[in-house]
Structure formats: C-alpha cells, structure tokens
Amino acid sequence: MTYNVDKTDEDWKAELSPEEYAVLRQAGTERAFKGEYTDTETKGVYRCKACQAKLFESDTKFHSGCGWPSFYQPISDTIEYIEDDSHGMKRTEVRCSNCGSHLGHVFPDGYGTPTGDRYCINSISLTLEPADPA
C-alpha cells in the first residue's frame, strides 16, 4: 500500500526512540499494563505517534482489562487492516493508514460496546491530544 507519509527506515530510526521504532515500524508489542494510556480517562483525540494522524476519539475508549488501551471504533478511514497469522494465531493487525505504522490488533470480543470490537492498541503507538489542555 502507498502511504501519505513515506520515509526510509533511517528517517524513522532518527525520529523514533528504539522502543517506538520496534513497535511502530517492526510490529512489536509493549508489555501489558505498562503503557501510558492503558488506564487514562482524559478526554481528547488519540493520534499516531509516528505521523500525528487522528486515529481514535476518547469517547470510544473503554476498559477491557486486556492490559492495553482499548477502543471500540476508530475515526473513519484512519486504519488499515492486515491479516496476521504470526505466533500461531489468526488475528487482524491494525496500522495507521496515513504512514503504515503498526498500532496493535482488533478483536471481535468488545462485548457490551456499540460495535462489538476491541481495538487493542499499544500506548507507545499513540499520543493524546487533550480536549481541554491544562
């Protein structure tokens, strides 16, 4: 897929920390219950850490207990979906459709949410733009 943001690996390595690069550009995963946004309830917009594209509204965030920030729906047309058969599992990887960065996975187990989906997203893949900057 062609992305609006097209950078070399060297560019990404220069802009991202080693941990951010491992998750965003190499489809890694941060440790459960360690991410900055796992339990945050701040109102605002979650953006891609790599390119700042708007991805999720805080109103769609919920506490799933999985150890990573969970959302039941992205902002329209901001997510790319890729079949992921790694680690002996069949999952759907989600990437930023603007730059191709790995965000996490989506699962059909968001019971009690309007969509029934759980977008399980790495905190390190996100920045939060608060609705009411303090």
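That block above? That's the structure.
Predicted model, so just to flag it, every value in this text is computed and none were measured. (Residues numbered from 1 in each chain as written. Predicted model: local features only at pLDDT ≥ 70, side-chain atom pairs only at ≥ 80, totals over all residues. Heavy atoms only, no water.)

**Student:** What is the right way to read the environment of Phe 56 from this model?
**Tutor:** If you trace the backbone, Phe 56 turns up in strand S2 (residues 54-57). On the accessibility criterion, Phe 56 (0% relative accessible area) is buried. Among all residues touching Phe 56, those that are not within four sequence positions of it are Gly 44, Val 45, Tyr 46, Phe 71, Gln 73, Pro 74, Ile 75, Ile 79, Tyr 119 and Ile 121. (Helix = DSSP H or I, 4+ residues; strand = E, 2+ residues; numbered from the N terminus. Buried < 20%, exposed > 50% of the residue type's maximum accessible area, 1.4 Å probe, protein only. Contact = heavy atoms within 4.5 Å.)

**Student:** Could you clarify how one ought to interpret the pattern of salt bridges in this entry?
**Tutor:** Between side chains of opposite charge, a pair can form as their charged atoms come close. Overall, the coordinates contain eight salt bridges when judged by the stated rule. The salt bridge involving Arg 95 is made with Glu 93; its shortest N-O contact spans 3.0 Å. Using a relative accessible area of 6% as the deciding quantity, one classes Glu 93 as buried. The partner of Arg 118 in a salt bridge is Asp 109, with the nearest N and O atoms 2.8 Å apart. (Salt bridge = Lys/Arg side-chain N within 4 Å of Asp/Glu carboxyl O.)

**Student:** How should I be thinking about the nonpolar core in this particular structure?
**Tutor:** Most often, soluble globular proteins have nonpolar side chains that are buried together. Core analysis: the largest hydrophobic core is formed by 24 residues, its most contacted members being Leu 55, Phe 56, Cys 96, Cys 99 and Ile 121. Listing elements by their share of this core, those giving two or more residues are helix H2 (18-24), strand S1 (44-48), S2, strand S6 (91-96), strand S7 (102-110), strand S8 (116-121) and strand S9 (126-130). Those residues in contact with Cys 99 that lie beyond four places of it in its chain are Tyr 3, Val 5, Trp 12, Arg 25, Cys 48, Ala 50 and Cys 51. (Core = buried A, V, L, I, M, F, W, Y, C linked by side-chain atoms within 4.5 Å.)

**Student:** Looking at this structure, I do not really get the pairing of S8. What am I missing?
**Tutor:** Along any regular strand the residues' side chains alternate between the sheet's two faces. Taken together, the two bridges between strand S4 (residues 70-71) and S8 define a ladder with antiparallel strand orientation. Opposite Phe 71, over in S8, you have Tyr 119 as the bridge partner. Hairpin connection from S7 to S8: five residues lie between these consecutive antiparallel strands, with Gly 112 at a positive phi of about 90 degrees. (Pairing = 2+ DSSP bridges.)

**Student:** Just to check I follow, could you spell out the layout of surface pockets for this structure?
**Tutor:** One simple way to see leftover space: roll a probe sized like a water molecule over the atoms. Taken as a whole, the largest pocket spans an internal volume of roughly 150 Å³. The wall of the largest pocket is formed by Thr 29, Trp 68, Arg 91, Gly 104, His 105, Phe 107, Cys 120, Ile 121 and Asn 122. Taken together, the elements giving at least two residues each to the lining of the largest pocket come down to S7 and S8. The leading source of residues in the lining of the largest pocket is S7, at three residues. Class assignment of the residues belonging to the lining of the largest pocket gives a composition of four nonpolar, four polar and one charged. (1 Å grid on protein atoms, 1.4 Å probe; cavity = no way out; pocket = protein on both sides within 12 Å on 5 of 7 lines; lining within 4 Å. Points joined across faces, edges and corners; volume = space filled by probe spheres on them. Nonpolar A, V, L, I, M, F, W, Y, C, P; charged D, E, K, R; others polar.)

**Student:** Would you mind going over the side chain of Asn 122 with me for this structure?
**Tutor:** With respect to the element layout, Asn 122 can be found in the loop between S8 and S9. Exposure remark for Asn 122: the relative accessible area of 3% places this residue in the buried category. Discounting chain neighbours no more than four positions away, the residues touching Asn 122 are Val 23, Gly 28, Thr 29, Glu 30, Trp 68, His 102, Leu 103 and Gly 104.

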